[in-house]
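Residues per chain are reported as follows:
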There are 2 protein chains.
Amino acid sequence: MNPKLSMSLETYLEAIAELQARHGAVRTSDLAECIGCKRSSVTIALQRLAEKGLINYQVYRPVTLTEAGTQAITRLSRFHGIIEDFLENVLALPPDYAREEACRLEHSMSKRTIERMKNFLDFIRENGDEIAPGKISEVFAASLKIKTD
Amino acid sequence: MNPKLSMSLETYLEAIAELQARHGAVRTSDLAECIGCKRSSVTIALQRLAEKGLINYQVYRPVTLTEAGTQAITRLSRFHGIIEDFLENVLALPPDYAREEACRLEHSMSKRTIERMKNFLDFIRENGDEIAPGKISEVFAASLKIKTD
DNA sequence: TAACAGTGTTAGTGTAATCTAATTTTGGTG
DNA sequence: CACCAAAATTAGATTACACTAACACTGTTA
């Protein structure tokens, strides 16, 4: 029933979660707007997600996540958050860009790599001063030849 | 003629370059073996790559890269190398795993992010001792709670 | 040189994802 | 409360990519 989502369906599912958090009800046209596709494409995606048991879907009704959908999203958004954090705070990419890039990467990056990024971030935050006295972030910024503000 | 390759075609093109470097001639069945698909799928991909002017393709003949194909590969393999290097030497993933993961990521990671990884690696290699006396790689390994050998 | 094994291609099928255009449903309003 | 515009779905086409099965070519070898 849930043998891994395609990149496309992952994107739809995340958009549903985001809109649900922001506006409560999730409508087809908002999803289309959010993702940048036609409403008819959204409908097809919703049908697939419903088949997989991730959303509650009835035609002409707003959509909600099922328990399984919520679980899937929890995992996905944790992954997204780690990648975004890493891009922004290790590679010093601008926040907006880090977010977009995380959207692209989260669909192909393995759990193993993501957990390594997490460990790396945790370590730097706990032990930054031992490695390089002062703000560790400045070291990274220096590595990228960027100003820290 | 070359408005960006799909992930799939990028994979085929890289496999062609690798086999060409390793064995000279590039045959359909070796490509199929290398990529893990059927020979007929390779044929279709070769036709597409030929349409885009990236390979010299005549039915029943071995394939070679065109000038444009070689250029495209140069770019792709530089990107691949940087990602692999970063995964192996910053995130301390095992070499084999880093290579596979780089294959997955190189198709969705932006040039901008890749160049940041490059800057990061360069900086660490030039200035590692200032940041953390001794081998900087041990610091990273420590961050990931792994043994360095 | 005739035949065969292996290599390569074509034809036909299926799935996923997208689009446009037509149709159906909903919900608010005159 | 009947109607209309907006919203949503369906129908039908297209593109990309993979597969199986059938067919074509090639080069080696008996």
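Residues numbered from 1 in each chain as written. Chains lettered and ligands numbered in written order. Predicted model: local features only at pLDDT ≥ 70, side-chain atom pairs only at ≥ 80, totals over all residues. Heavy atoms only, no water.

## Observations concerning the environment of P94(A)
You can see P94(A) is positioned in the loop between α4 (67-89) and α5 (95-105). With 55 residues separating them along the chain, P94(A) and R39(A) place their C-alpha atoms 31 Å apart. (Helix = DSSP H or I, 4+ residues; strand = E, 2+ residues; numbered from the N terminus.)

## Regarding helix α5 (residues 95-105) of chain B
Listed as buried for α5(B) are Y97(B), A98(B), E101(B), A102(B) and L105(B). Seen along its axis, α5(B) keeps its buried residues to an arc of 135°; they face one direction. (Buried < 20%, exposed > 50% of the residue type's maximum accessible area, 1.4 Å probe, protein only. Arc of directions from axis to C-beta.)

## A few points about the protein's contact with DNA strand D
Residues in close proximity to DNA strand D total 20 residues, the closest being S29(A), Q47(A), Y57(A), S6(B) and S41(B). Of everything in DNA strand D that lies within 4 Å of the protein, sugar and phosphate atoms constitute 77%. Between a phosphate oxygen of DNA strand D and a main-chain N or O atom of K38(B), the distance comes to 2.9 Å. A distance of 3.3 Å separates a phosphate oxygen of DNA strand D from a polar side-chain atom of R48(B). At the level of elements, α2 (28-35) and α3 (39-51) of chain A together with α1 (7-23) and α3 (39-51) of chain B are the ones that each hand at least two residues to the surface near DNA strand D. Here the element with the most residues in the surface near DNA strand D is α3(A); it accounts for 4 residues. A per-class count over the surface near DNA strand D returns 6 nonpolar, 9 polar and 5 charged. (Near = heavy atom within 4 Å. Polar contact = N/O pair within 3.5 Å; in protein donor to acceptor, adjacent residues only side chain to side chain. Nonpolar A, V, L, I, M, F, W, Y, C, P; charged D, E, K, R; others polar.)

## Remarks on unusual backbone geometry
Residues and elements named next belong to chain B. Notably, Y60 is not glycine yet its phi reads approximately 70°, a positive angle. In this fold, Y60 is placed in the loop between β1 (55-56) and β2 (64-65). Residues other than glycine seldom take positive phi values, yet A92 does so here, at roughly 55°. Relative to the assigned elements, A92 resides in the loop between α4 (67-89) and α5. Its relative accessible area of 22% is what places A92 among the partly exposed residues.

## Comments concerning the state of the cysteines
Residues and elements named next belong to chain B. Overall, the coordinates contain 0 disulfides over all chains when judged by the stated rule. You can see C37 has no disulfide; the closest cysteine sulfur is in C34, sitting 9.4 Å from it. C34 supplies the cysteine sulfur nearest to C103, a cysteine that is in no disulfide, at a spacing of 9.1 Å. On the basis of relative accessible area, C103 is assigned to the partly exposed category, the value being 31%. (Disulfide = S-S within 2.5 Å.)

## Some remarks on the environment of K52(B)
Among the secondary structure elements, K52(B) is positioned in the loop between α3 and β1. Between the C-alpha atoms of K52(B) and A68(B), which are 16 residues apart in sequence, the distance is 9.3 Å.

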